[in-house]
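# Residue-level structure breakdown
The residues making up each chain are set out below.
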Amino acid sequence: KFYITEGFRRRVFFNYEKRIRLQSPPEKVFEYFASSRSPGGDVLMTPADLMRAIVPVFPPSESDRVRQGSLRGERFHGELQCAPSKFFMLFDTNNDGLISFPEYIFFVTLLSIPESSFHVAFKMFDHNNNGEIDIEEFKRVMGLMRSQSRQGARHRNGKRQGLKVTDPVENGGLLEYFFGKDGNSCLEHGKFVEFLRELHDEILRLEFAHYDHKSTGTISARDFALSLVASADVTHISKLLDRVDELTHNPNLRDIRISFEEFREFADLRKQLEQLTLAIFSYGRVNGVLTKKDFQRASSQVCGVSITDNLVDIIFHVFDANRNGTLSSDEFIRVLQRRQNDSLVSRQAGLRGLIACCMNCATSCSSSAKAVL
């Protein structure tokens, strides 16, 4: 307590939790980040727990907490409060606001679908090519999708000491939301696409609420910077965090507040990563440097996203390695790529993994059809 600073402890626990997310089976991830238990002893997550299990986050700088999960045997680990999620209540059949392990696997699988591939994913589900799918088609393909995701591929049916799982991962409130209580309704393409978009938006909102510790509607420049670098590789993150810490000593940056609209704009830019990367590196090769105005022009003209001066100032502070007013593009893009890969990608990357899953599904359906004939 007296020889190790809280900043150092936060870094140690952040790296520990990052290894849990990336290397542990989903049962361990779920148990570590889940903060609730039912009267019967079942481990349960809040929506905020789900966000922290999926998105690497630091404790908000305006709190006194040093980590997000809890270690077995602790009496107190510092609770973080987030506003209830209206989105998750839509399919919370027992209205307790909590997420079971099967539902956790369900959400992890859905979040592994790249947003740019929503249409492709639904076409994979739609075996009859009629613009909608029934509950059995959905369950079958969700199983295939789960086998392609990092967490789903390591799923052991909830078999872990202290973790009680009685329902199959294909069951849960989402099925009732999609297909009705009797399961006889069909899921339309538009409803599925809208649901996936809202799911990603809700995870983003929960991340912002996590850093908005005092519920002011804004987060500090330091917390935005922490969110920005949290996905960096553990071998590079230390130097980035040193630059984040320097924000508190910069009178031009330390008092900046970032709104949720600005936070969402940067998330929208992250979704256009391929176009942004092409614009940044193409311009950099021709001109040799990339200034703040160049970055904003690439964001608005190539990606259609307007980035405020405050966001750009923070981004350049963190990713201007030489302190010469230009962006260290390779370092910046590498961090954004890791965020996309860690949150969306399965054992095979991006659309390639999705296509492989589609091919497996098509083969499976073809074999089934031949067997019937």
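Source: prediction; values computed, not measured. (Residues numbered from 1 in each chain as written. Predicted model: local features only at pLDDT ≥ 70, side-chain atom pairs only at ≥ 80, totals over all residues. Heavy atoms only, no water.)

## Structural notes on the overall build of the chain
Secondary structure summary: the chain contains 18 helices and 6 strands in total. Among the 373 residues that make up the chain, the fraction classed as buried is 50%. Partitioning the contacts of the chain with sequence separation of at least 6, the portion at a separation of at least 24 is 73%. Counting only carbon and sulfur atoms, one obtains 50% of the accessible surface of the chain, whose full area is about 18100 Å². (Helix = DSSP H or I, 4+ residues; strand = E, 2+ residues; numbered from the N terminus. Buried < 20%, exposed > 50% of the residue type's maximum accessible area, 1.4 Å probe, protein only. Contact = heavy atoms within 4.5 Å. Areas by Shrake-Rupley, 256 points an atom, 1.4 Å probe, with all protein chains shown as cover.)

## Details of the packing of helix α12 (residues 237-246) against helix α16 (residues 309-319)
Where α12 contacts α16, the two axes come as close as 8 Å, and the packing angle between them is 130 degrees. Our classification of the angle between α12 and α16 gives oblique. The way α12 lies across α16 gives a crossing that is right-handed. On the side of α12, the interface is formed by Leu240, Arg243, Val244 and Glu246, while α16 contributes His317, Val318 and Phe319. (Axes fitted to C-alpha atoms, helices over the stretch in contact; angles between N-to-C directions. Parallel < 35°, antiparallel > 145°, perpendicular 65-115°, else oblique. Left-handed = near helix turned anticlockwise from the far one by under 90°.)

## Notes on the nonpolar core
Tyr104, Phe138 and Phe332 are the most contacted members of the largest nonpolar core, which has 97 residues in total. If one sorts the elements of this core by residue count, helix α10 (residues 189-211) sits on top with 9 residues. If sequence neighbours within four positions are ignored, Phe138 has contacts with Phe106, Phe125, Ile133, Leu175, Phe178, Phe179, Leu187 and Phe192. (Core = buried A, V, L, I, M, F, W, Y, C linked by side-chain atoms within 4.5 Å.)

## A closer look at the environment of Ser329
Here Ser329 shows up in helix α17 (residues 329-344). By relative accessible area, Ser329 is classed as buried at 13%. Not counting residues within four places of it along the chain, the set of residues in contact with Ser329 comprises Ile280, Phe281 and Leu290.

## Some remarks on the packing of aromatic side chains
On inspection of all chains with the given rule, the structure shows 25 aromatic pairs. When the ring of Phe295 is compared with that of Phe332, the centres are 5.6 Å apart and the planes differ by 75 degrees; the resulting orientation is edge-to-face. Highlighted residues: Phe295 in helix α15 (residues 292-302) and Phe332 in helix α17, separated in sequence by 37 residues. Phe332 carries the same exposure label as Phe295, and that label is buried. An aromatic cluster of at least three residues, connected via ring pairs, comprises Phe87, Phe88, Phe106, Phe107, Phe138, Tyr177, Phe178, Phe179, Phe192 and Phe195. Residue placement shows Lys191 over the ring face of Tyr177; its charged tip is 4.7 Å from the ring centre. (Phe/Tyr/Trp six-rings, centres within 6.5 Å; stacked < 30°, edge-to-face > 60°. Lys NZ or Arg CZ within 6 Å of the ring centre and 35° of its normal.)

## Examining unusual backbone geometry
With a phi angle near 55 degrees, Ser215 is a residue other than glycine that sits in the positive phi range. When you line up the elements, Ser215 lands in the loop between α10 and β5 (218-220). Look at Ser215 and you get exposed, because its relative accessible area is 62%. At Arg323, a residue that is not glycine, the phi angle is positive and equals roughly 55 degrees.

## Concerning the side chain of Asp212
For Asp212, the location among the structural elements is in the loop between α10 and β5. Here Asp212 sits buried without a salt bridge, and the closest side chain of opposite charge, Arg257, lies 5.2 Å off (N-O distance). Among the polar contacts listed, one links the side chain of Asp212 to the backbone nitrogen of Gly217, at a separation of 2.9 Å. If we ignore the near neighbours within four places in the chain, the residues touching Asp212 are Gly217, Thr218 and Ile219. (Lys, Arg positive; Asp, Glu negative; His and termini not counted. Salt bridge = Lys/Arg side-chain N within 4 Å of Asp/Glu carboxyl O. Polar contact = N/O pair within 3.5 Å; in protein donor to acceptor, adjacent residues only side chain to side chain.)

## What about the pattern of salt bridges?
As enumerated under the stated definition, the model contains 15 salt bridges in all. One salt bridge connects Glu246 with Arg323, and the closest N-O pair in it is separated by 3.0 Å. Residue Glu246 is found in helix α12, and its partner Arg323 is found in the loop between α16 and α17; the two are separated by 77 residues along the sequence. For Glu246, a relative accessible area of 37% corresponds to the partly exposed category. Under the relative-accessibility criterion, Arg323 is labelled partly exposed at 42%. Between Lys271 and Asp268 there is a salt bridge, with the nearest N and O atoms lying 3.7 Å from each other.

## Brief notes about the confidence of the model for the chain
On average, residues of the chain carry a pLDDT of 79, and 75% of them reach 70 or more. Of all the helices and strands in the chain, helix α18 (residues 350-372) carries the lowest mean pLDDT, 45, while strand β6 (residues 257-259) carries the highest, 97. Confidence drops under pLDDT 50 across residues 73-80; counting only partners more than four residues distant or on other chains, this segment forms 13 contacts. Overall, residues 345-373 carries pLDDT values under 50, and its contacts beyond four positions in sequence, including any with other chains, amount to 35 contacts. (pLDDT = per-residue confidence, 0-100.)

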